[in-house]
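A structural walkthrough
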Amino acid sequence: MVTAVVNLELARSFGLKDDEYEKVLTIMGRTPSLTELGIFSVMWSEHCSYKSSRLHLKTLPTKAPWVIHGPGENAGVIDIGDGLAAVFKMESHNHPSFIEPYQGAATGVGGILRDVFTMGARPIANLNALRFGDPSHKDTKRVVDGVVRGIGGYGNCMGVPTVGGEVNFHHSYNCNPLVNAMTVGLARQDRIFLSAAAGVGNPVVYVGSKTGRDGIHGATMSSAEFDSESSSKRPTVQVGDPFTEKLLLEACLELMATDAVISIQDMGAAGLTSSAVEMASKGGVGIDLDLDHVPQRETHMQAYEMMLSESQERMLMVLRPDRTEVARKIFEKWELDFAIVGTLTDSGRITVRHKGTVEADIPLGPLADEAPIYDRPTVPYERQPALTPPAAPCGVEAALVRLLSSGNGASRAWIWNQYDSGVGGQTVKRPGGADAAIVRVEGTNRGLAMTTDCTPRYGQADPYIGGAQAVVEVWRNITATGARPLAMTDNLNFASPENPRIMAQFVEAVKGIGDAGRALDFPVVSGNVSLYNETRGDDGSVTAIQPAPVIGGVGVLEDVHKAVGLAFPDAGEILLIGET
Amino acid sequence: MKIGIVVFPGTNRERDMAQAFQVASGKAPQMLWHQQDNVDGFDLIILPGGFSFGDYLRSGAMAAHSPIMRAVRQFAEKGGYVLGVCNGFQLLTEAQMLPGALLRNAGMRFLSQDCHLKVEGRDSIFTAGWERGAVFRAPLAHGDGNYTAAPEVLDQLEGEGRVAFRYCDAAGQVKHHDAHVNMNGSARSIAGVLSENRRVCGLMPHPENLTEDILGGTDGLPLFNGILEGLG
Amino acid sequence: MKVRVFVYLKNGVLDPQGKAVEHALHSLGFEEASDVRISRVVDLHVKANDAAAAKEQGEKMARALLANEVIEDFHVEVSA
Amino acid sequence: MKVRVFVYLKNGVLDPQGKAVEHALHSLGFEEASDVRISRVVDLHVKANDAAAAKEQGEKMARALLANEVIEDFHVEVSA
Ligand SMILES: Nc1ncnc2c1ncn2[C@@H]1O[C@H](COP(=O)(O)OP(=O)(O)O)[C@@H](O)[C@H]1O
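Residues numbered from 1 in each chain as written. Chains lettered and ligands numbered in written order. Predicted model: local features only at pLDDT ≥ 70, side-chain atom pairs only at ≥ 80, totals over all residues. Heavy atoms only, no water.

In terms of helices and strands, chain B carries five helices and eleven strands. The C-alpha atoms of chain B give a radius of gyration of 16 Å, which matches the 17 Å a tight globule of 232 residues would have. On the principal axes, the C-alpha backbone points of chain B span a range of 45 × 35 × 30 Å. In chain B, which comprises 232 residues, the share counted as buried stands at 66%. Once local pairs closer than 6 in sequence are excluded, the contacts in chain B between residues at least 24 apart make up 76%. (Helix = DSSP H or I, 4+ residues; strand = E, 2+ residues; numbered from the N terminus. Rg over C-alpha atoms; globule rule 2.2 N^0.38 Å. Buried < 20%, exposed > 50% of the residue type's maximum accessible area, 1.4 Å probe, protein only. Contact = heavy atoms within 4.5 Å.)

Next up, the structure:
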């Protein structure tokens, strides 16, 4: 049982700052209940509120004639011709992947898949960007092994091909690996589903897996820096169930082919809380939840636990009232839980009832709009001096062998050979086949080119250039296959924004991404921010990761048969373009 | 000619299979839901790849007990044609419609890469598209593809020409103990087997994913051409 | 009643998992570990009047689904 | 000596396998089966002077490799 007295101390332990707790008291006009405090703490966590990054993200270019939905939805949506849309986004699952690499990476993949199919798109490809510690560090082997298995385990079972990605090793990731996963989906432009709830009186429906006590406070954990103890705390990791997610995918797409769905949102980080709050506040309505109806896996769950649970493979939706039975039948066919757990109201509040008691009653406006926003201080970033090329330490041949056998130079086939890259029967260029992966758009002559890139050491030397370079590399990789780059998603992985040097890295990198995107007419349509990627040692010293503004890009080939791969043909001349 | 592809919860290569038939014949087969208990009127039933029921207990174990499998078994007993690929092969062994079992890959990892197969089976529509002894390339994608059976069963399969396909290298050399050739560690490098009447076939790799040049080649096409010709 | 079904590979069937785990144990310095075999245990509850009935149910479930008798054997234990 | 390491999911951790198997048992007509959980057993031999030493070795191996202590618990039994 969680029986805690709600006070400043508890608020602090939930990750709220003192002035944030003050604000909660003002909004509520009374001491919040435990459930209410929990709701505030997750909604105002870095992960959900983007409080340190929001001001800067606003500067990114997000528009182009082919952008259908930019940032603000579960995933970005772009026009790829023929009435079709590509739906894509990238997400991180860094901290959980250190504690439990298999499940951390697997549930990361599960989460990004849901972001894409919530919008009505069938996922057609997965990609990833991974950063691991020094190959000789004691944790690296365990983390690499688990992460690779986890990504494969989830994606393979879902039947979504994993077609690309990138991997690098650096000691700054020893205890804080980066696992960024990207999914690209395909939808009809006239069948895109959004999250804004509408229609007072309409039922709020829960579908998918049952709720357990998984990962309670995961969203706040992923915003809190790591200390050497955290691997021994009670697990806040979730266990993924890709089989259930596959059923959820098929059931949702089947339902979305009817006219039953008004709005839909996946339950990801901060589960029921963030999905309910986001749907209602975006739609400008109130929401009344009755937790007695929430399908539960464990006994004696309290309101607080249900609202904060991060159990995977769940969705929340608003249905047309006259279609709930149609929907119920579809979910029964796929053997998934289906429960009406609430209704939309005109109260402008989120009200949570459990066993006849009101456990939370919060005005949505302030909860969503008065979330703190920080313009965190920066110090001018000292660019690192240009390196002078060292005298050759060995002959060219020896140098080449050294490069090719280093962690960062070696073949990645060991990794991609564990990912099913062909399922779906549309993969034209697999990992290793071209600078960007190419997937045919089923039933058409078109192809989508997609890739992820980032070079953290550039960002370490000069974050502005690092951000811009990642965009440009993605652009080049897509172009090199013959495709026209259309839009990007980003995953900004940095250390603590409370450190002005790190904040400066972040701000500069975002500027670099924005400038490069504007110069190339290559807008950002979705993304994710992962901060506090740093490790606190036993002696109190802090190791920050090399900044990793990872970019994922998508482009289109009108004629997929013109796709260009890496392999040299049997004959022909080799041309080198550009200055060396 | 009527071809049905069975979809279980967790199946994920049914569309790949349909596409391959579409390419080979211009006509896509019909999808059949696992709750259906009748397959009357079909000429060929396909059990496609994927993770039926998550492969959570043993690959194919739970699907083997689906209502449709009773019908498929009767269908096969009456001489119907059944093809199981990957998860479908695992399922056919779990349902004991084919001998043996598929254990975890010897290297303990999911394998996703191209392999080469040698066509060995005789007198079957599933091998008829190739010359006997032909070698072709096929993608494989599985975690449990390590074929095993009692030695006497293996002897019997060999004796009766019921080993349909065997893993080999690009030159057609079979090397049981070479992990680059017999990647999952299968007994006697067996990749596919036939039932006694040669009308039920199971194989691990995915010829259906290699039926168009744009997707990397057409090495898998003879499987479909042979089947279509055999069914008439 | 609580039923526990042990499912293990038949003697003579190669256990690729056991082999891999043995290898991993050796490379972790547990050189003395040998004959590693990995089995599965299914724990469940059934309603039954007595232990014998519960055991019988467990055996039926094992035969029907939990074990693949081509390669596996099983045994069932019951507790209150 | 024979060492048997039981490895099972911690209380409250989702067991997707158990869930799917329970479901399958129900549809096979074993409606009364409930609370299905699936665990792993690792059997192995070690050289040790006495049961206590063997058990300790088993526990070390469990911690080092056989169990994933983030989500799993284990216990070790020894027989001659
Ligand atoms: N770095 C970024 N660049 C652009 N858009 C971003 C970035 N980070 C987050 N976003 C956008 O903010 C919204 C909220 O993101 P997120 O909290 O990750 O969504 P969810 O958790 O619901 O999947 C999304 O629309 C996302 O695309």
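This brings us to the arrangement of the chains. For this structure, the chain pair with the highest number of contacts among five pairs of chains in contact is chains C and D. Contact between chain A and chain C is absent, and the least distance between their C-alpha atoms amounts to 12 Å.

A contiguous nonpolar patch, built from A:Leu400, A:Leu403 and A:Leu404 and spanning about 320 Å² of accessible area, is present on the exposed surface. Locating A:Leu400 in the fold gives a position in helix 15 (residues 396-405). (Patch = residues over 30% accessible without salt bridge, like charges linked within 9 Å, V, L, I, M, F, W, Y side chains within 5 Å. Areas by Shrake-Rupley, 256 points an atom, 1.4 Å probe, with all protein chains shown as cover. Salt bridge = Lys/Arg side-chain N within 4 Å of Asp/Glu carboxyl O.)

We now examine the UniProt feature "active site" (unreviewed entry) in chain B. Residues and elements named next belong to chain B. Here, UniProt's "active site" (unreviewed entry) annotation points to Cys-86, His-206 and Glu-208. Spanning 123 residues, the named residues form one tight spatial group whose C-alpha atoms are at most 11.1 Å apart. Tracing the backbone shows Cys-86 in the loop between strand 4 (81-85) and helix 3 (87-94). With a relative accessible area of 5%, Cys-86 lands in the buried category. In this structure Cys-86 touches Gly-49, Ala-141, His-142, Leu-203, Met-204 and His-206, once residues within four positions along its chain are discounted. Relative to the helices and strands, Glu-208 is located in the loop between strand 11 (200-203) and helix 5 (221-231). We classify Glu-208 as buried; its relative accessible area is 2%. In contact with Glu-208, not counting residues within four places along its chain, are Arg-13, Asp-16, Met-17, Ala-20, Val-85 and Phe-224. Polar contacts involving the side chain of Glu-208 include one to the side chain of His-206, which spans 2.8 Å. (UniProt positions renumbered as here; feature names shortened; annotations may be inferred. Polar contact = N/O pair within 3.5 Å; in protein donor to acceptor, adjacent residues only side chain to side chain.)

Right, let's talk about the sheet that holds strand 17 (residues 447-453) of chain A for a bit. Residues and elements named next belong to chain A. Strands sit in the order 15-16-17-22-18-19 across an open sheet of six strands; the sheet is mixed. Across the chains shown, the open sheet's two edge strands, defined by having one partner strand only, are strand 15 (427-429) and strand 19 (524-530). Adjacent strand axes in the sheet meet at a mean angle of 20°, parallel and antiparallel pairs treated alike. In the sheet, strand 15 pairs with strand 16 (residues 437-440) via two bridges, with the strands oriented antiparallel. Bridging from a neighbouring strand, Lys-429 pairs with Ile-438 of strand 16. Strands in contact with helix 18 (residues 463-480) are strand 17, strand 18 (484-493) and strand 22 (548-557); relative to strand 22, the strand with the most contacts, it is inclined by about 25°. (Pairing = 2+ DSSP bridges. Axes fitted to C-alpha atoms, helices over the stretch in contact; angles between N-to-C directions.)

Before going further, it helps to spend a moment on the pattern of salt bridges. Residue and element names in this part refer to chain A. According to the stated counting rule, one finds 56 salt bridges over all chains in the structure shown. Where Glu-166 meets Arg-131, a salt bridge forms, and the shortest distance between an N and an O atom there is 2.8 Å. Separated by 35 residues along the polypeptide, Glu-166 in strand 5 (residues 162-169) and Arg-131 in strand 4 (residues 122-132) bring together distant segments of the chain. A relative accessible area of 11% means that Glu-166 is categorised as buried. Of the residues examined, Arg-131 reaches a relative accessible area of 1% and is grouped as buried. The partner of Asp-214 in a salt bridge is Arg-297, and the shortest N-O contact between them spans 3.0 Å. Placement of Asp-214 in the loop between strand 7 (203-208) and helix 9 (218-221) and of Arg-297 in the loop between strand 10 (286-290) and helix 12 (303-308) is noted, with a sequence separation of 83 residues between them.

All names here are of chain A. Lining the immediate environment of the ligand, one finds 18 residues, of which Tyr-50, Gly-72, Glu-73, Asp-490 and Gly-527 sit closest. Lys-89 is positioned such that a nitrogen or oxygen atom in its side chain is 2.9 Å from an oxygen atom of the ligand. Compared with its free state, where it exposes 560 Å², the ligand has 86% of that area covered by protein. Listing elements by their share of the shell around the ligand, those giving two or more residues are strand 3 (84-92), strand 18 and strand 19. Ranked by residues supplied to the shell around the ligand, first place goes to strand 19 with five residues. In terms of residue class, the shell around the ligand is built from seven nonpolar, six polar and five charged. (Near = heavy atom within 4 Å. Nonpolar A, V, L, I, M, F, W, Y, C, P; charged D, E, K, R; others polar.)

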